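Report on the structure
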Amino acid sequence: YKQQLARLSVIMPGALISPTAGQFDETEVTNAEWHTFLGYLEKDSGKAAIERYLPLAAALPRPDYFTNPFYLYYPVVGISYEQTLGYCRWREKVVN
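Thresholds applied
- Residues numbered from 1 in each chain as written.
- Predicted model: local features only at pLDDT ≥ 70, side-chain atom pairs only at ≥ 80, totals over all residues.
- Heavy atoms only, no water.
- Helix = DSSP H or I, 4+ residues; strand = E, 2+ residues; numbered from the N terminus.
- Buried < 20%, exposed > 50% of the residue type's maximum accessible area, 1.4 Å probe, protein only.
- Contact = heavy atoms within 4.5 Å.
- Core = buried A, V, L, I, M, F, W, Y, C linked by side-chain atoms within 4.5 Å.
- Phe/Tyr/Trp six-rings, centres within 6.5 Å; stacked < 30°, edge-to-face > 60°.
- Salt bridge = Lys/Arg side-chain N within 4 Å of Asp/Glu carboxyl O.

Further remarks concern the overall build of the protein chain. Broken down by element type, the protein chain carries four helices and zero strands. The order of α-helices and β-strands along the protein chain, N terminus first, is α-α-α-α. Across the 96 residues in the protein chain, those meeting the buried criterion constitute 21%. Long-range pairs, those at least 24 residues apart, make up 54% of the contacts in the protein chain with a sequence separation of at least 6.

Right, here's the structure in full:
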């Protein structure tokens, strides 16, 4: 893993480096995909658990950006690094 990092000359902002070889999605995560994640989370852990994974309202370009069906296939925004890691763990379980 450290050898991989040493070979990289530039790490793009927002890039996650995986210590193991894996597959990555080719596009941004959409609001629809994030809603799917929240649905699974609510089913497994209850409604209170999803509160930790809702996008930060202050970071949304419009107040209804995350809830309006018009924006379902737009990239999800207002997500923290910790929330992203939770999504990635869930996504890995679903895909693999």
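Following the structure, the description resumes.
Trp-34, Phe-37, Leu-38, Leu-41, Tyr-53, Phe-66 and Tyr-87 are the most contacted members of the largest nonpolar core, which has 13 residues in total. Counting only elements with at least two residues in this core, the list comes to α2 (31–45) and α4 (81–95). Per-element accounting of this core gives the leading share, four residues, to α2. Non-local contacts of Leu-38, meaning those with residues more than four positions away in its chain, are made with Ile-50, Tyr-53, Leu-54 and Phe-66.

Here we take up the environment of Thr-27. Within the secondary structure layout, Thr-27 lies in the loop between α1 (2–7) and α2. C-alpha separation for the pair Thr-27 and Pro-75, spaced 48 residues apart in sequence, amounts to 8.9 Å.

We now examine the packing of aromatic side chains. Counting across every chain of the model gives 12 aromatic pairs. Relative to Tyr-71, the ring of Phe-70 has its centre 5.0 Å away and its plane inclined at 90°; by these criteria the two rings are edge-to-face. Ring geometry for Phe-70 and Tyr-74: centres 5.9 Å apart, planes at 35°, overall tilted. Using a relative accessible area of 36% as the deciding quantity, one classes Tyr-74 as partly exposed.

Our focus in this paragraph is the pattern of salt bridges. As a working rule, side chains carrying opposite charge can pair if their charged atoms are close by. With the rule as written, the count across this model stands at two salt bridges. The partner of Lys-47 in a salt bridge is Glu-42, and the shortest N-O contact between them spans 3.8 Å. The closest approach of N and O atoms between Asp-64 and Arg-62, which form a salt bridge, is 3.2 Å.

Let us look at the side chain of Gln-83. Note that Gln-83 resides in helix α4. Among the residues examined, Gln-83 registers a relative accessible area of 8% and is labelled buried. Leaving out residues up to four positions away in the same chain, Gln-83 has contacts with Trp-34, Arg-52, Tyr-53, Leu-54 and Gly-78.

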